[in-house]
Amino acid sequence: DDEENMSDLAVFKSGPSEVLKGDIVFYTVFATNFGPDPADNVVITEDFDENALIFDPSSSDFGCVLNGAQNAVLCNNFGLDPGESKSFIVGFTIKDSATCGDAIEDMAHVSTASVDPDDSNNWSSLVSTVIECLPECSDGIDNDGDGDIDFPADSGCMNPDDDDEENHVDLDVIKTGPDQAAP
C-alpha cells in the first residue's frame, strides 16, 4: 500500500552557466530514493520560464512531457527502489525574443505517491543560466531589415564583432568651387 510506504526522495538539477540565444540548453534532473521503502509513481517536475524557453521534446529523454498548462515538464511514470536513482535530460530552445544577459533561473521538484518523511530535499538547488548573444554582425539574423545578413554582406557592419547592423554613416556634402564644372 503506497500510503504505508516511506520513501525519502531527493532531486538534483544541473545545467550550463550560459547558453547562446537560439541554441538548445540541456538540463539534467536526477532523483534518488534514500528509502527505506520503494517509491511508486515518482514525478520530477521541471518548471521553466516560458518567456525565454520552449520545451524541445526531441532533445529530451523519453518519459518527459509538457504538462497541460504548458509551463512545466513532467518526467514521470517510474518507480525507485531504495538506493536507486534515475536521471533525465530535458532540452529547451532559447527563444529568439529572449533578452541577452538575462538569467534563466529555476529548480526541479520530485514527488511520489508514497509518504516522503523528509520533504526538505524535494527541491533542487537553483540553477542559473545566462543568455548570451553573438554580436549583430555575426549572429545570422538580418537585424536591420535591409535584406543583408552579417559582415561582410551587410554594409552597416564594419567587422564581425560590430553589435549594430544599422548603417550610421552620415555624409555631409559641402560644395566648394564654381557653380558650373569646367569643360
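Structure's up top.
This report concerns the structure included in the present document. (Residues numbered from 1 in each chain as written. Predicted model: local features only at pLDDT ≥ 70, side-chain atom pairs only at ≥ 80, totals over all residues. Heavy atoms only, no water.)

**A look at the overall build of the protein**
The secondary structure content of the protein amounts to zero helices and eleven strands. Each helix and strand of the protein, ordered N terminal to C terminal, gives the series β-β-β-β-β-β-β-β-β-β-β. In summary, the protein has a C-alpha radius of gyration of 26 Å against a globular reference of 16 Å for 183 residues, an excess of more than 25%. Its C-alpha atoms give the protein principal-axis dimensions of about 105 × 25 × 25 Å. In the protein, which comprises 183 residues, the share counted as buried stands at 33%. A sequence separation of at least 24 residues applies to 71% of the contacts in the protein between residues at least 6 apart. In the form shown here, the protein has an accessible surface area of approximately 10500 Å², with 50% of it arising from carbon and sulfur atoms. Both charge centroids of the protein, one from 5 positive and one from 42 negative side chains, sit 8 Å from each other. (Helix = DSSP H or I, 4+ residues; strand = E, 2+ residues; numbered from the N terminus. Rg over C-alpha atoms; globule rule 2.2 N^0.38 Å. Buried < 20%, exposed > 50% of the residue type's maximum accessible area, 1.4 Å probe, protein only. Contact = heavy atoms within 4.5 Å. Areas by Shrake-Rupley, 256 points an atom, 1.4 Å probe, with all protein chains shown as cover. Lys, Arg positive; Asp, Glu negative; His and termini not counted. Charge placed at Lys NZ, Arg CZ, Asp CG, Glu CD.)

**A word on the packing of aromatic side chains**
This structure, assessed with the given rule, holds five aromatic pairs. An angle of 50° between the planes, with centres 6.2 Å apart, marks the rings of Phe12 and Phe30 as tilted. Here Phe12, found in strand E1 (residues 7-14), pairs with Phe30, found in strand E3 (residues 24-36); they are 18 residues apart in sequence, far enough to count as distant. Taken together, the ring pairs in this structure connect Tyr27, Phe48, Phe55 and Phe92 into an aromatic cluster. The cationic tip of Lys13 hangs over the ring face of Tyr27; the distance from NZ or CZ to the ring centre is 4.3 Å. (Phe/Tyr/Trp six-rings, centres within 6.5 Å; stacked < 30°, edge-to-face > 60°. Lys NZ or Arg CZ within 6 Å of the ring centre and 35° of its normal.)

**Describing the sheet that holds E1**
Neighbouring strands of a sheet are bound in pairs by backbone hydrogen bonds; such pairs are parallel or else antiparallel. Across the sheet, which stays open at both edges, the four strands sit in the order E1-E3-E8-E5 with antiparallel pairing between neighbours. Of all strands in the sheet, those with a lone pairing partner are E1 and strand E5 (53-55), marking the two edges. For this sheet, the mean angle separating the axes of adjacent strands, direction not counted, is 30°. Sheet analysis places E3 next to strand E8 (residues 85-94), joined by nine bridges and oriented antiparallel. Across the sheet, the residue bridging to Tyr27 is Val90, located in E8. (Pairing = 2+ DSSP bridges. Axes fitted to C-alpha atoms, helices over the stretch in contact; angles between N-to-C directions.)

**What about the sheet that holds strand E4 (residues 39-47)?**
Reading across from one edge, E6-E7-E4-E10 is the order of the four strands in this open sheet, with antiparallel pairing throughout. Strand pairing shows two members of the sheet lacking a second neighbour, strand E6 (64-66) and strand E10 (108-111), which therefore form its edges. Neighbour-to-neighbour, the strand axes of the sheet open up by a mean angle of 25°, direction not taken into account. Bridging between E4 and E10 involves four bridges; their strand directions are antiparallel. Bridge pairing in E10 places Val43 opposite Ser111.

**Section: the pattern of salt bridges**
Tallied over the full model, the rule gives two salt bridges. As a salt-bridge pair, Lys13 and Glu46 come within 2.6 Å of each other at their nearest N and O atoms. Residue Lys13 is found in strand E1, and its partner Glu46 is found in strand E4; the two are separated by 33 residues along the sequence. With relative accessibility at 0%, the residue Glu46 sits in the buried group. Each of the salt bridges in this network shares a partner with another, and the network as a whole consists of Lys13, Glu46 and Asp106. (Salt bridge = Lys/Arg side-chain N within 4 Å of Asp/Glu carboxyl O.)

On their own, these measurements won't tell you what the molecule is for.
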